[in-house]
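# Architecture and fold: a report
Listed here are the chains, written in short residue letters.
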Amino acid sequence: MTATTDGSAGPRRSRATSASESTDPTPVAFDPNHPAADASPPTSTTAPKERTAPPGGPLLDGPLLDSATLDGATFDALLSDAPVPAGPAPEASAPDGAEPLERVAARITERATARLLASQDEEGWWKGDLETNVTMDAEDLMLREFLGISDSAILEAAARWIRAQQREDGTWATFHGGPGELSTTVEAYVALRLAGDTPEAPHMASAAAWVRDHGGIAATRVFTRIWLALFGWWRWEDLPELPPEVIYLPRWFPLNIYSFGQWARQTIVPLTVVGAHRPVRPAAFRLDELHTDPAVPNPPRPPAPLASWEGFFQRLDKALHVYRRFSIRTVRRTALGLCARWIIERQENDGCWGGIQPPAVYSVIALHLLGYDIDHPVMRAGLKSLDQFAIWHEDGSRMIEACQSPVWDTCLAAIALADAGLPADHPALVKAADWMLGEQVLRRGDWSVRRPELPSGGWAFEFHNTNYPDIDDTAEVVLALARVDHPDPQRMRTAIERGVVWNLGMQSKNGAWGAFDVDNTSRFPNLLPFCDFGEVIDPPSADVTAHVVEMLAAVGMEHDPRTRRGVSWLLAEQEANGAWFGRWGVNYVYGTGSVVPALVAAGVPASHPAIRRSVRWLADVQNADGGWGEDLRSYPEQELAGRGESTASQTAWALLALLAAGERDGDAVARGIRWLADTQLEDGSWDEPYFTGTGFPWDFSINYHLYRMVFPLTALGRYLHGEAPMRVPAPLVEAA
């Protein structure tokens, strides 16, 4: 990929040719005058329930939200007007003697509803466990060892969890059923050494042998080697350099801290402090068994060609190593002070940073190196917050969550319950709405660097994260609140309006939306040798854009030019196979399950060629058992798109797309509903060991334990009732 003059590029991902890039002559833009625009959905004989706007007409059409001007080609320009022929899907019929499908769906919906209601916290929120991989546990133990606060009970409990996750070949994976991963295996091995496991133990010997066979410590990612350098197991001189003086770079400079995604930014700033100090707390043991050759732990590697971007940044790294030796003390000291201030200003009320564990860990280390002792209030709060990421299991093991997802889980649960038929004024929904209303972020955060005039009003993912509300959560919270009949409609109207205004203001220049920032698309951060730990920028994605479009349609703004720009971008992003890439969920099934309902909600007819292509693709990838699944390997291997063991959440995503596309009475939907019925547990939930959430495509994967509940219930509810009506008080803004 070649960078433009400003280094901009699209998402760094493996993908098929998009519809806009292919030679397929079929249209990708939505034309309301297209011959198919008024056609009935091809297969459904039962139309889904229409979303109704409250009395008073379309919402949010006043002067506060006046329409933006479309740039470039107008929305209704067509690439072609040739529709894609699509025959009707086979109509479903119950096997002889089988329970009618609607009765089956009603029965399992009732059980799932009861289960989800029972798991609501008394304050109104839901939160499922957020499972990632054992590097979270290993790094928590290494942090405690580095700070001298190791606890024997925590050490043994964490070690028990880490041992339980080891694969038969001695490795550790980053997701259930995944292959062994080198950096994860090294960190897990080190954690177990700290817990007292000996190199001679069979499970340790097999892990060490595998590490050596795969390049040893020298082949691990930079972050793993930083952890090892803290204990003298790796030389600081052999790590990429990123000086704290990066804090000085102006915001227009390609590698300023705001050119990184928010998660990377929060991690990199404290790590520049750690790298400036290069601390070593000598360990009580060596790790020679993890090197291919202990005498040469870091074998030389040939540099990339100078004419390549990789080669350029490798030489830049060498220059930064030289700069370190000649940096001006006062300049560096001031930079370190600015970094400390930047870190402390972003500490949340609960002591954490951004509500996620990795930045919190590195921030604690950085502040400690800057002279903050363990008993300092900032440090005490930070360490206490890390304890809140711990999940203690019944067997005495301890798992660390990388993050906690109460806002996300709560809005999805509320949508699921409303769509499943729970009355809009049900106490559980009102209580959930009250809690979500209290979580709205009304202060400015890093997002305001690019949008200084935009008033705040978004929602974050976590319990405490006022610096980094995100666009995806904001869209879904609005969709949840819009389903609730709340006793204080004015409060609801104000909160929803703020959220919609904020999301509209966060639209990127291409018409789409990223997760946390506007136009966070520079390619340069991903090219730094320091940044080999996954995606470090936040470009617009199909799933987030779809959720915003769906939100805008829900409040009556489907004809607003900003919504239409989002729709056009989504249509242009469709893959040649008919699917959409999933940035924050696995993968093409998630992207397609997000985009199709949004397009239909925004007025794209179910007969539109893009919708028909997606229906065909979903039918093609449906498993023989009736469910849908997709393995995380589809990120690096696009030919695996839509392929994998059936899961409850991914089956639900496919059903949501098919139902929106008018396929309610088709065979694919019937088989999917029956799969959910056949696999539902007695307690109303579903078993889902597979990871269907995405942090960084392929590099960091997530098992959201509530996904197995909220998405199947949403799909079942829409099968039975259609989508719950929007109950947004109207008008939000007086008409001009």
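The written sequence of each chain sets the order in which its residues are numbered from 1. It should be noted that, the model being predicted, local features are given only for residues of pLDDT at least 70 and side-chain atom pairs only at 80 or more, the latter also being counted only at that level, while totals for whole chains, interfaces and linings use all residues. To get the side-chain values, all heavy atoms of the structure are used, and hydrogens and water are removed first.

This paragraph deals with the side chain of Thr-132. Position of Thr-132 among the secondary structure elements: in the loop between strand 1 (130-131) and helix 2 (135-147). Using a 1.4 Å probe on the protein chains alone, a residue whose accessible area is under 20% of its type maximum counts as buried, one over 50% counts as exposed, and one in between counts as partly exposed. Exposure remark for Thr-132: the relative accessible area of 6% places this residue in the buried category. Per the convention used, a helix needs a DSSP run of H or I reaching at least four residues, while a strand needs a run of E reaching at least two, with both numbered from the N terminus.

In this section: the nonpolar core. Buried Ala, Val, Leu, Ile, Met, Phe, Trp, Tyr and Cys residues that are joined via side-chain atoms within 4.5 Å together make up what is termed a nonpolar core. Leu-116 and Met-436 are the most contacted members of the largest nonpolar core, which has 227 residues in total. With 10 residues, helix 12 (residues 406-419) is the largest single contributor of residues to this core. Here a residue-residue contact requires only that any non-hydrogen atoms of the pair lie within 4.5 Å. Excluding residues within four positions of it along the chain, Leu-116 makes contact with Trp-126, Ala-413, Ala-416, Leu-417, Leu-706, Met-709, Val-710 and Leu-713.

Axes here mean lines fitted to C-alpha atoms, for a helix over just the part in contact, with angles spanning 0 to 180 degrees between N-to-C directions. In the contact formed by helix 4 (residues 182-194) and helix 5 (residues 202-213), the axes pass within 10 Å of each other and the chain directions differ by 145 degrees. For the pair helix 4 and helix 5, the crossing hand works out as left-handed. Residues Leu-182, Thr-185, Val-186, Tyr-189, Leu-192 and Arg-193 of helix 4 form the contact with helix 5, whose participating residues are His-203, Met-204, Ala-207, Ala-208, Trp-210 and Val-211. Residues are sorted three ways: Asp, Glu, Lys and Arg are charged, Ala, Val, Leu, Ile, Met, Phe, Trp, Tyr, Cys and Pro are nonpolar, and all the rest, Gly among them, are polar. Its residues assigned to classes, the contact of helix 4 with helix 5 shows 9 nonpolar, 2 polar and 1 charged. Less than a right angle of anticlockwise turn of the near helix away from the far helix marks a crossing as left-handed, whereas a clockwise turn marks it as right-handed.

Here we come to the pattern of salt bridges. Counted as salt bridges are all cases of a side-chain nitrogen of Lys or Arg within 4 Å of a carboxyl oxygen of Asp or Glu. Enumeration according to the criterion identifies 35 salt bridges in this entry. Across the salt bridge formed by Asp-446 and Arg-346, the nearest N and O atoms sit 2.8 Å from each other. In this pair, Asp-446 sits in the loop between helix 13 (427-438) and helix 14 (471-481) while Arg-346 sits in the loop between helix 9 (329-345) and helix 10 (357-369), placing the two residues 100 residues apart along the sequence. Across this residue pair, the class does not change: Asp-446 and Arg-346 are buried. Close ionic contact of Asp-434 with Arg-491 constitutes a salt bridge, the shortest N to O distance being 3.4 Å. Here the residue Asp-434 occupies a position in helix 13, and Arg-491 occupies one in helix 15 (residues 489-505), the gap between them amounting to 57 residues.

A separate point is the packing of aromatic side chains. Pairs were defined over the aromatic rings of Phe, Tyr and Trp, the Trp ring being its six-membered one, requiring ring centres within 6.5 Å. Orientation was assigned from the angle between planes: stacked under 30 degrees, edge-to-face over 60, tilted for the rest. If you walk through the whole model with that rule in mind, you get 28 aromatic pairs. Clustering of aromatic rings is evident, with ring pairs tying together Trp-408, Phe-461, Tyr-590, Trp-653, Tyr-704, Tyr-707 and Phe-711. Throughout this description, the term charge over a ring refers to an Arg CZ or Lys NZ atom that lies within 6 Å of the ring centre and within 35 degrees of the ring normal. In this arrangement the basic side chain of Arg-193 is found over the ring face of Phe-285, its NZ or CZ atom lying 4.1 Å from the centre. Across from the ring centre of Tyr-719, 4.2 Å away, lies the NZ or CZ of Arg-664, which sits over that ring.

When a strand is regular, its side chains alternate between the sheet's two faces. Of all 5 residues in strand 5 (residues 700-704), 5 are buried; the element is thus mostly enclosed. On strand 5, burial covers both faces: Phe-700, Ile-702 and Tyr-704 on one face and Ser-701 and Asn-703 on the other are all buried. Bridge count for strand 1 against strand 5 is 2 bridges, and the pairing is antiparallel. Of the residues in strand 5, the one forming a bridge with Leu-130 is Tyr-704. The criterion for strand pairing is that DSSP finds at least two bridges linking the strands in question. Note: strand 4 (residues 693-696) against strand 5, 3 bridges, orientation antiparallel. What sits directly across from Phe-696, in strand 5, is Phe-700. The antiparallel pairing of strand 4 with strand 5 creates a hairpin that spans 3 residues between the two strands, and Trp-698 there sits at a positive phi of about 75 degrees.

For Pro-605, the position within the fold is in the loop between helix 19 (588-601) and helix 20 (609-621). Among the residues examined, Pro-605 registers a relative accessible area of 10% and is labelled buried. C-alpha separation for the pair Pro-605 and Gly-662, spaced 57 residues apart in sequence, amounts to 9.4 Å.

Our next topic: the state of the cysteines. Two cysteine sulfurs form what is called a disulfide whenever their separation falls within 2.5 Å. Counted under the stated rule, the structure contains 0 disulfides. The closest cysteine sulfur to the non-disulfide-bonded Cys-352 is located on Cys-403, 8.3 Å from its own sulfur. For Cys-352, a relative accessible area of 1% puts it in the buried group.

One open sheet holds the 3 strands; their spatial order is 1-5-4, and the pairing between them is antiparallel. Whereas interior strands pair on both sides, the edge strands pair on one side only; in this sheet they are strand 1 and strand 4.

Quick look at the confidence of the model for the protein now. In the predicted model, the protein carries a mean pLDDT of 88, and the fraction of residues at 70 or more is 86%. Values of pLDDT, ranging from 0 to 100, describe the predictor's confidence in every residue of the model. Segment residues 1-88: pLDDT under 50, and 188 contacts once partners within four positions in sequence are set aside and those in other chains are kept.

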